[in-house]
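Topology and contacts: notes
In case you want the letters, here they are:
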Amino acid sequence: DSKVYEISKSITIKNGDVKNSAFILTTSGITLENLSNVKSIKIDEKDSGSASVRSYSNVGKYFIKNCTEITSVLVVNGENSSISISKTQVTTLSVEQENSLIQLEETKISKTFVSKDCKLDSVSGDTSFGSVYVQKTVEKIELAGSAKIEKMLASFTEEKEFSVVISSESVKIESAVS
């Protein structure tokens, strides 16, 4: 039996096997640390502010550190939606909130699905966003730090342009397909 936990306070949850549980994070300032067997983490901040004040500042509103076996991380709502993931294994990352900043450190993600404009950043270490699937709703993706993309795929049925802004010489895109 997997459980779903909604976290609505700034808190650190650490150390243990959570036995395929899911977490819904509804406020900023939450840290998940040294957890294993996490089914999903959904960032769905309830008081997300106005879109006009969103920016890529305020890194680390959410922290995921030293976790193993996370099946999915889903970013759906939140002011700035800044998430820092370090020394963690994630199967799937989905970015559905505009202007999200996803910052990795020594973390490997197998598949990244992007449906809104965002910034993918890597601060250090052996880090990869894996295969990045770009949806037709995206106009711009910024790649920063030493972000590594194994394959970037645009899933558009009609002709559409989007831009990839590379803000660091250390960014690596191994292949791109549209």
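What counts as what
Residues numbered from 1 in each chain as written. Predicted model: local features only at pLDDT ≥ 70, side-chain atom pairs only at ≥ 80, totals over all residues. Heavy atoms only, no water. Helix = DSSP H or I, 4+ residues; strand = E, 2+ residues; numbered from the N terminus. Buried < 20%, exposed > 50% of the residue type's maximum accessible area, 1.4 Å probe, protein only. Contact = heavy atoms within 4.5 Å. Salt bridge = Lys/Arg side-chain N within 4 Å of Asp/Glu carboxyl O. Pairing = 2+ DSSP bridges. pLDDT = per-residue confidence, 0-100. Phe/Tyr/Trp six-rings, centres within 6.5 Å; stacked < 30°, edge-to-face > 60°. Lys NZ or Arg CZ within 6 Å of the ring centre and 35° of its normal.

With that out of the way, let us pick up the environment of E33. Assignment of secondary structure puts E33 in strand β3 (residues 30-44). On the basis of relative accessibility, which here comes to 17%, the residue E33 falls in the buried class. For the pair formed by E33 and F63, sequence separation is 30 residues and the distance between their alpha carbons is 7.9 Å. When near neighbours in sequence (up to four residues on either side) are disregarded, E33 contacts T12, I13, K14, N15, K65, N66 and C67.

Pairing is possible between side chains of opposite charge, provided their charged atoms come close. Under the counting rule described, the total for this entry stands at 4 salt bridges. E45 is paired through a salt bridge with K61; the nearest N and O atoms lie 3.7 Å apart. Of the two residues, E45 is situated in the loop between β3 and β4 (62-65) and K61 in the loop between β3 and β4; the sequence distance between them amounts to 16 residues. With respect to class, E45 is no different from K61; both count as buried. One salt bridge in this structure joins K119 and E142, with 3.8 Å as the shortest N-O distance. Remark: E142 occurs in strand β12 (residues 140-145) and K119 occurs in strand β10 (residues 118-124); sequence separation between them is 23 residues. With respect to burial, K119 and E142 carry one shared label: buried.

Take V90: it is sitting in strand β7 (residues 89-95). Sequence separation between V90 and T107 is 17 residues, and the spatial gap between their C-alpha atoms is 7.8 Å.

Turning to the pairing of strand β9 (residues 108-114), a few remarks are in order. Here β7 runs beside β9; their pairing, made up of 6 bridges, is parallel. Residue pairing across strands places V95 opposite V114, the latter belonging to β9. The sheet contact formed by β9 and strand β11 (residues 131-134) spans 4 bridges and is parallel. Bridged to V114 within β11 is V134.

The subject of this paragraph is the confidence of the model for the chain. Taken residue by residue, the chain gives an average pLDDT of 87. The fraction at 70 or more is 87%. Low confidence marks residues 49-59, where pLDDT is under 50. Its contacts with residues over four positions away, or in another chain, come to 26 contacts.

The next thing to look at is unusual backbone geometry. Even without a glycine there, the phi angle at N15 is positive, about 65 degrees. Within the secondary structure, N15 sits in strand β2 (residues 12-25). Even without glycine at this site, N20 takes up a positive phi of about 65 degrees. Position of N20 relative to the elements: it lies in strand β2.

Okay, the packing of aromatic side chains next. Counting across every chain of the model gives 2 aromatic pairs. Judged by centre distance (4.9 Å) and plane angle (15 degrees), the ring pair of F113 and Y133 falls under stacked. Within this pair, whereas F113 is found in strand β9, its partner Y133 is found in strand β11, the two being separated by 20 residues in sequence. Judged by its relative accessible area of 29%, F113 is partly exposed. Of note, K65 hangs over the ring of F63, and the distance from its end group to the ring centre comes to 5.2 Å.

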